[in-house]
Amino acid sequence: MRPMKKNGVRIDDSFAEAFPMRGTAVLITAPNRRWARQAAATMTGFATSVIGCGAEAGIDRERPGNTTPDGRPGVRVLVFSMSTDTLQTQLANRVGQCVLTSPGSACFADLDGADRLPIGDSIRYFGDGWQVSKKFGDRHFWRIPVMDGEFLCEATTGLTKKAVGGGNLLLMGATPETTMRAAELAVAAMNNVEGVILPFPGGIVRSGSKVGSKYKAMMASTNDAYCPTLRGAVATNLDEDVDCVLEIVIDGLTEEGVADAMRAGLAAIVKLGPDHGAVRVGAGNYGGKLGPFHFHLKDLLP
Amino acid sequence: MKPLVLTLKHEPNQRLDLAPLAPHLLEGKSVKDVAAIELQTTRETITVGDIFKIRSGGTGSIRFEGGSVRLDNIGQNMNAGEIVIEGDCGKSPGRNMSGGNLVAMGDCGHFAGSAMSGGRLEIAGDAGGFLGAPLEGEMEGMTGGLLIVRGNAGARAGDRLRRGTIVIEGSAGDFPGSRMIAGTLIVLGECGCLPGYLMRRGTIVLADPPELAPTFVDCGEHDLAFASVFSGLLRPESRAAARLLSRPLIRFAGDMAALGKGEIFFPA
């Protein structure tokens, strides 16, 4: 069968296979945009993959001061994990080590829902007895005295069990430059979708993995079928005109969010075309037996 | 659904206990049942039908037309629904209430919102003494909800306050926030002597503070995120309270004669 083509870009008849995750959201505010971003960037550092980092985290979007609870500029951060326990530990550790410590910061719940994860409830003990609990209506805050004043932190934030992790696009291009250009444009388009993050560096991962390895201790190893330098030596998935593959991985609070992000990314890649961007787009899956969410590329095309 | 309307026929000749007229107690009752409820506090029986003209409606919302300082305990123990009093009322409106909305358009007596644990109580006129306070022998006063007085409040407002927020838009009498356990008390007008007397924890915000007791210690001027958040949360209820909380505030910690983890804020 001939591959589908859109604006000259070949689209694999394939699908991204995604998994259910636990997700949560917090809003970090600070005296100005720069320090709100700094706290959020620190909190979401080393959070590219649950395999080695415990959590996948990223910045969803910035919020102007007139829309935040304390009237200061804010950044919404999403954190995902495979289990509620891990997510709880990761959230408390990341807020405690990265947001509490960041000058002038405050941290608020930013996801509704009956299931709650403690934030202030677990890091309040840093106050050594000087922490102050404040309730208003159904909202509960902790005030923890710190050296630049007070750290204000909401007691809990919402938890969703309907989050989806592992949506992805594989961009295949003729050169690293053109592939990178397509990937950057796709990332920019996908960042406009609310409720999703792209956890890898700048949204892009170059070391896609396959399940298993020749070494017993390794759960995952390099995806040799997509490595251009092994094209002649292994059962490759790459065509003669592909010399570089980059992947974009998407985690979202909802299945629709992940689909919207993949749609936005595909549109940007197709619009750029094969000459200056990707010649072919695929998606990673494990045959469809492991993950319950299947995002078929043909359904998401512009 | 239209509210159940109770119009006062004449000034009662004795104090009446209106606690049985809370929405959760009237659920499913007919006008005839309601008219038969006894309200007297002396040996002379007075029923709802004797003293009020009743216009039927949903019992989730009750409206008193005409008020009297002899109408005590309105909305006592209420946990949902709404009561509006278009006039004055006596002692303890909203005592022990845990939910719903109680609005007194006139003045009310002592112990308004006494030991309330939730819901919203608004008094458009003045409140008597011991706003939200516990009765004799009780350990805690108000433990939740929102209590707003648009006029003035008497002495000991917020006594033994444990949780929840009290806003007094007018002036407060002596010893506001006495023996506070925690919670928030905001006074926008003048304030009587010794605010926060023997308070343990909690927050008092005063627009116009008197001289504080020497057992309150200066912690300096601050611009706190918590004050901005409360300012935003209070804005729909009291714009003046929201304005006060959005200003830079001086913090005094106390009462050092008690636990000393409370605080009094006032504008710099």
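Residues numbered from 1 in each chain as written. Chains lettered and ligands numbered in written order. Predicted model: local features only at pLDDT ≥ 70, side-chain atom pairs only at ≥ 80, totals over all residues. Heavy atoms only, no water.

## Observations concerning the overall build of chain B
Of the regular secondary structure elements, chain B holds five helices and 15 strands. Rg of the C-alpha trace for chain B: 19 Å, near the compact-globule value of 18 Å for 268 residues, within the 12% margin. Taking the principal axes of its C-alpha atoms as reference, chain B extends roughly 60 × 35 × 25 Å. Counting every position in chain B, which comprises 268 residues, the buried fraction comes to 55%. For chain B, restricting intrachain contacts to residue pairs at least 6 apart in sequence, the fraction spanning at least 24 positions comes to 42%. Here chain B contributes 27 positive and 30 negative side-chain charges, whose respective centroids are spaced 5 Å apart. (Helix = DSSP H or I, 4+ residues; strand = E, 2+ residues; numbered from the N terminus. Rg over C-alpha atoms; globule rule 2.2 N^0.38 Å. Buried < 20%, exposed > 50% of the residue type's maximum accessible area, 1.4 Å probe, protein only. Contact = heavy atoms within 4.5 Å. Lys, Arg positive; Asp, Glu negative; His and termini not counted. Charge placed at Lys NZ, Arg CZ, Asp CG, Glu CD.)

## What to know about the pattern of salt bridges
Residue and element names in this part refer to chain A. Throughout the structure, instances matching the rule amount to 30 salt bridges over all chains. Two residues, Arg10 and Asp239, come together in a salt bridge whose shortest N-O distance is 2.7 Å. With Arg10 in strand β2 (residues 9–11) and Asp239 in the loop between β15 (220–222) and β16 (244–252), the pair connects residues that are 229 residues apart, well separated along the chain. On the basis of relative accessible area, Arg10 is assigned to the buried category, the value being 17%. For Asp239, a relative accessible area of 26% translates into the label partly exposed. The closest approach of N and O atoms between Glu150 and Arg143, which form a salt bridge, is 2.8 Å. (Salt bridge = Lys/Arg side-chain N within 4 Å of Asp/Glu carboxyl O.)

## Examining the interface of chain B and chain A
Reports often express the size of an interface as the amount of accessible area lost when the parts come together. Counting residues at the interface gives 19 residues for chain B and 15 residues for chain A. Roughly 1400 Å² is buried in total at the junction of chain B and chain A, and carbon and sulfur atoms are behind 68% of that figure. Counting the surface chain B buries against chain A, the share from its top three residues, B:Val229, B:Leu233 and B:Lys261, is 34%. Applying the counting rule to chain B against chain A returns one salt bridge. For B:Glu263, the salt bridge goes to A:Arg143, with nearest N and O atoms at 2.5 Å. Tallied by class, residues from the side of chain B that touches chain A come to nine nonpolar, six polar and four charged. (Buried area = accessible area lost by both parts, 1.4 Å probe. Nonpolar A, V, L, I, M, F, W, Y, C, P; charged D, E, K, R; others polar.)

## Looking at the side chain of B:Asp159
Residues and elements named next belong to chain B. Of note, Asp159 is situated in the loop between β9 (143–149) and β10 (163–168). With relative accessibility at 1%, the residue Asp159 sits in the buried group. Engagement of the side chain of Asp159 in a polar contact is seen with the side chain of Ser178, the distance being 2.8 Å. (Polar contact = N/O pair within 3.5 Å; in protein donor to acceptor, adjacent residues only side chain to side chain.)

## Things to note about the nonpolar core
If you look at the biggest cluster of nonpolar residues, it comprises 57 residues, and the most contacted ones within it are B:Leu21, B:Phe52, B:Phe64, B:Ile123, B:Leu131 and B:Ile168. Broken down by element, this core gets its largest block of residues, three residues, from strand β1 (residues 3–8) of chain B. Core analysis: the next-biggest nonpolar cluster, separate from the first, contains 35 residues, A:Ile11, A:Leu171, A:Ile204 and A:Leu246 among them. (Core = buried A, V, L, I, M, F, W, Y, C linked by side-chain atoms within 4.5 Å.)

## Quick look at the pairing of strand β8 (residues 132–136) of chain A
All names here are of chain A. Along β8, the buried face is formed by Val132, Lys134 and Phe136; none of Ser133 and Lys135, which line the opposite face, is buried. One ladder, built from five bridges, connects β8 with strand β9 (residues 139–146); its direction is antiparallel. Its bridge partner lying in β9, Ser133 is registered against Trp142. (Pairing = 2+ DSSP bridges.)

## What about the packing of aromatic side chains?
One pair of aromatic rings is described through two measures. These are the centre distance and the angle between the planes. Summed over the entire model, instances satisfying the criterion amount to nine aromatic pairs over all chains. Measuring from centroid to centroid gives 5.2 Å for B:Phe111 and B:Phe130, while their planes differ by 15°, and the two rings are stacked. Of this pair, B:Phe111 sits in the loop between β7 (101–104) and β8 (120–123) while B:Phe130 sits in the loop between β8 and β9, and the two are 19 residues apart along the sequence. You can call B:Phe111 buried: its relative accessible area is 15%. Following the ring pairs from residue to residue traces out a cluster consisting of A:Phe136, B:Phe226, B:Phe230 and B:Phe265. Taking the ring centre of B:Phe226 as reference, the NZ or CZ of A:Arg143 above it sits at 3.8 Å. (Phe/Tyr/Trp six-rings, centres within 6.5 Å; stacked < 30°, edge-to-face > 60°. Lys NZ or Arg CZ within 6 Å of the ring centre and 35° of its normal.)

## Examining the confidence of the model for chain B
With 100% of its residues at a pLDDT of 70 or more, chain B shows a mean pLDDT of 96. Across the predicted assembly, pTM comes out at 0.92 and ipTM at 0.92. (pLDDT = per-residue confidence, 0-100.)

## Considering unusual backbone geometry
Residue and element names in this part refer to chain B. Gly254 connects to Asp255 through a cis peptide bond whose omega is -5°. Note on placement: Asp255 falls in the loop between β14 (249–254) and β15 (262–267). The backbone of Arg160 shows a phi angle near 60°, a positive value even though the residue is not glycine. Here Arg160 shows up in the loop between β9 and β10. You will see that Phe175, though not glycine, has its phi angle at about 55°, which is positive.

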